[in-house]
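Chain residues, written in single-letter form:
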Amino acid sequence: MILVTGATGNVGAGVVRAVAAAGEPVRAMSRSGEGAGLPQGAEGVAGDLNRPETVREALDGVRALFLMPGYEGQRAVLADARAAGVERVVMLSGKSAAVDDGNAVTRYMRASEDGVRESGLAWTFLRPVSFMSNAVSLADQIRKGDEVRVPFPGVRTADIDPYDIAEVAARALLSPEHAGRVYTLTGPQSLLPADRIAVLGEVLGRELRTVGLTDEEAREALGAAFPAPYAEAFLRFFADGILDESQVLPTVEEVTGRPPRTFRQWATEHANAF
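Residues numbered from 1 in each chain as written. Predicted model: local features only at pLDDT ≥ 70, side-chain atom pairs only at ≥ 80, totals over all residues. Heavy atoms only, no water.

Asker: Which parts of the structure should I look at to understand the sheet that holds strand 3 (residues 42-46)?
Answerer: Sheet strands pair via backbone hydrogen bonds, and the direction of the pair is either parallel or antiparallel. Pairing in this open sheet of seven strands is parallel, and the strands run 3-2-1-4-5-6-8 from one edge to the other. Every interior strand has two partners, whereas the edge strands, strand 3 and strand 8 (181-185), have only one. Going across the sheet, the axis of each strand differs from the next one's by a mean of 20 degrees, ignoring polarity. In the packing of helix 3 (residues 104-117) onto the sheet, the strands contacted are strand 4 (64-67), strand 5 (88-92), strand 6 (122-128) and strand 8, and the crossing angle to strand 6 comes to about 160 degrees. Seen against the sheet, helix 5 (residues 162-174) touches strand 1 (2-4), strand 4, strand 5, strand 6 and strand 8 and runs at an angle of roughly 165 degrees to strand 5. (Pairing = 2+ DSSP bridges. Helix = DSSP H or I, 4+ residues; strand = E, 2+ residues; numbered from the N terminus. Axes fitted to C-alpha atoms, helices over the stretch in contact; angles between N-to-C directions. Contact = heavy atoms within 4.5 Å.)

This is the structure in structure tokens:
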């Protein structure tokens, strides 16, 4: 049995599908435990990583655990997992975990990884760059008009489709050969925000115009969307340039045997979101 936490999220839902497609039984854990839409071979269970006692029963018979970062109950969940006979854990982290900075995002990513390392379980860390699915945050603007305002207009990133993160996660869950590995995951192209918006326009059959925000405008926009410590972290990453997500890496293809999906593929599949 494989237990996937965060099973309704962009990555977790894909992990559930990938494990089920491999013919392995999988428990899909979310706060609600809703099982609607789960693939054959998957069962929905309720659990909250901030409340370890709600996770304990779901660990019965589990040999591998997909874990989300940043939860207060993580160490207790890991201790219960070890006691239940779980062999390995695959954690979704982020490339920012490698950055030497004390901002809110790097702190919780590092703390989460440290907790897993100290658990006594075999582990694999997935450190993806920014998700292609972040583009959905532009949907309201695109529905209202052809001008799209974006922060950090000069920053290239090799965004990754959550589908590819899930495919790598599934392989690490199903085989011990990935134990002790830290996988930095990227998409196949390093693009500017304007490049992605141009692709969205082509997919939607529209002429979208990109308008770059100043750093001060970005600070205001991020502050309205995120708690202040996280908004400041994103400014540190991309305005101050302490996080470089521009490099394209071969990791997805090395692990899965096929290249990662392009932004055009993601946009075509998710065009209805816009």
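Asker: What am I meant to see in the layout of surface pockets here?
Answerer: Over the atoms a probe the size of a water molecule is rolled, and this reveals where empty space is left. Volume-wise, the largest pocket comes out at about 1600 Å³. For the lining of the largest pocket, the elements supplying multiple residues, two or more each, are helix 3, strand 7 (147-150), helix 6 (193-204), helix 7 (215-225) and helix 8 (228-239). Taken together, the residues that form the lining of the largest pocket break down as 30 nonpolar, 12 polar and five charged. Approximately 160 Å³ is the volume found for the second largest pocket. Looking at the second largest pocket, the residues that line it are Asn10, Ala13, Gly14, Arg17, Ser133, Asp161, Pro162, Tyr163, Arg261, Trp266, Glu269 and His270. Going through the elements one at a time, helix 1 (12-21), helix 5 and helix 10 (263-269) are the ones with two or more residues in the lining of the second largest pocket. (1 Å grid on protein atoms, 1.4 Å probe; cavity = no way out; pocket = protein on both sides within 12 Å on 5 of 7 lines; lining within 4 Å. Points joined across faces, edges and corners; volume = space filled by probe spheres on them. Nonpolar A, V, L, I, M, F, W, Y, C, P; charged D, E, K, R; others polar.)

Asker: What is the right way to read the nonpolar core from this model?
Answerer: Inside soluble globular proteins, nonpolar side chains tend to come together where they are buried. Formed by 52 residues in total, the largest nonpolar core has its most connected members in Val15, Phe66 and Leu126. The leading source of residues in this core is helix 5, at seven residues. If we ignore the near neighbours within four places in the chain, the residues touching Val15 are Val4, Phe66, Ala166, Ala169 and Leu173. Core analysis: the next-biggest nonpolar cluster, separate from the first, contains 16 residues, Ala135, Leu191, Phe263 and Trp266 among them. (Core = buried A, V, L, I, M, F, W, Y, C linked by side-chain atoms within 4.5 Å. Buried < 20%, exposed > 50% of the residue type's maximum accessible area, 1.4 Å probe, protein only.)

Asker: Which parts of the structure should I look at to understand empty space enclosed by the protein?
Answerer: Overall, the coordinates contain one cavity of 30 Å³ or more when judged by the stated rule. Volume-wise, the largest cavity comes out at about 30 Å³. Contributing to the lining of the largest cavity are Met132, Asp159, Pro188, Gln189, Leu191, Arg196 and Phe263. When its residues are assigned to classes, the lining of the largest cavity shows four nonpolar, one polar and two charged.

Asker: How should the pattern of salt bridges be read in this particular structure?
Answerer: Oppositely charged side chains can pair when the atoms bearing their charge come close. A full pass over the atoms with the stated rule returns 25 salt bridges. Here Glu167 ties to Arg171 by a salt bridge, and the two come within 3.1 Å at their closest N and O atoms. Of this pair, Glu167 and Arg171 both sit in helix 5, four residues apart, roughly one helical turn. Members of the salt-bridge network, linked through shared partners, are Glu113, Asp114, Arg117 and Arg127. (Salt bridge = Lys/Arg side-chain N within 4 Å of Asp/Glu carboxyl O.)

Asker: I tried to follow unusual backbone geometry on my own but got confused; where do I start?
Answerer: A negative phi angle is the norm for most residues apart from glycine, just as the trans form is the norm for most peptide bonds. A positive phi angle, close to 50 degrees, is found at Phe152, a residue other than glycine. When you line up the elements, Phe152 lands in the loop between strand 7 and helix 5. Assessed through its relative accessible area of 10%, Phe152 is described here as buried.

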